[in-house]
Amino acid sequence: MNIILFGPPGAGKGTQAQFIVKKYNYFQLSTGNLLRNEVKLNTVLGSEIDKLISNGEFVSDEIVNNLLKQSITNLKYRDRIIFDGYPRNVDQAINLELILKEFNQTIDHTIFLNVSRDIIEKRIMGRMTCEKCNMALNEYFNKEEINLHPCGPEHLKKRKDDDIEIVIARYDTYMTATKPVLDFYIKNSNFTEIDGAAEIDQINSKINHILNV
Ligand code: AMP
């Protein structure tokens, strides 16, 4: 079973993906994480990617599609992938269909976490991400968990692109480029919309229900 977690930046896709990874032993294919790993390698490509991410712009389809394909074709992850942050435009949605078809795989659930822009701004401005395990916590809502984080609180860092102006740019890009992807999936019987403004646990139990039926 493969799953797409869809929604604006800050909707909670990464947080929910990590619950699924732990409970069902899935693989979180976050294109944002793959790109940030590339940046850490300090290559020419990495610095090109860094500039785009820092401005809240999309990285080219060519670069993202290449990284994505490497994970989809990895047999270890076969039929256990959670797509987080991909597809982000209609061309990527078409590309995903083609690659999955080529490798005899399908999307079994598309889950849309719907959240308004004002809630997203509050969530993203407090977000702290662990540079080791990628866990996302919020400095306003999870003070205790940050202090007790197993990798050490010093590894929880603010992302460079979690800055108010960049967040607004990312949300605008989502509305123009990514929201149309909904039309691509909404007609499918395996599409579900969830109120992403609800509590994390409530969203998690709705997702568990979808995955268990
Ligand atoms: P995320 O971690 O999903 O919030 O992504 C962080 C940033 O990485 C985005 O703002 C984009 O600059 C870039 N990015 C992630 N996924 C994609 C994608 N599918 N297509 C283009 N750019 C992406």
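That block above? That's the structure.
Computed from a predicted structure; not experimentally measured.

1. Considering the sheet that holds strand 1 (residues 3-6)
In space, the five strands of this open sheet follow the order 2-3-1-4-8, with parallel pairing throughout. The open sheet is flanked by strand 2 (27-30) and strand 8 (191-195), the only strands paired with a single partner. With direction set aside, neighbouring strand axes in the sheet form an average angle of 20 degrees. The pairing of strand 4 (residues 109-114) with strand 8 spans five bridges and is parallel.

2. Considering the packing of helix 1 (residues 13-24) against helix 10 (residues 200-212)
Where helix 1 contacts helix 10, the axes come no closer than 10 Å and their chain directions differ by 50 degrees. By the criterion of interaxial angle, the relationship of helix 1 to helix 10 is oblique. Every pair of crossing elements has a handedness; the one defined by helix 1 and helix 10 is right-handed. Contacts between helix 1 and helix 10 pair Thr15, Gln16, Phe19, Ile20, Lys23 and Tyr24 from the former with Ile200, Ile203, Asn204, Ile207, Asn208, Leu211 and Asn212 from the latter. Its residues assigned to classes, the contact of helix 1 with helix 10 shows seven nonpolar, five polar and one charged.

Cut-off values and rules
Residues numbered from 1 in each chain as written. Predicted model: local features only at pLDDT ≥ 70, side-chain atom pairs only at ≥ 80, totals over all residues. Heavy atoms only, no water. Pairing = 2+ DSSP bridges. Helix = DSSP H or I, 4+ residues; strand = E, 2+ residues; numbered from the N terminus. Axes fitted to C-alpha atoms, helices over the stretch in contact; angles between N-to-C directions. Parallel < 35°, antiparallel > 145°, perpendicular 65-115°, else oblique. Left-handed = near helix turned anticlockwise from the far one by under 90°. Contact = heavy atoms within 4.5 Å. Nonpolar A, V, L, I, M, F, W, Y, C, P; charged D, E, K, R; others polar.

Remember that the coordinates give geometry; whether it matters functionally is a separate question.
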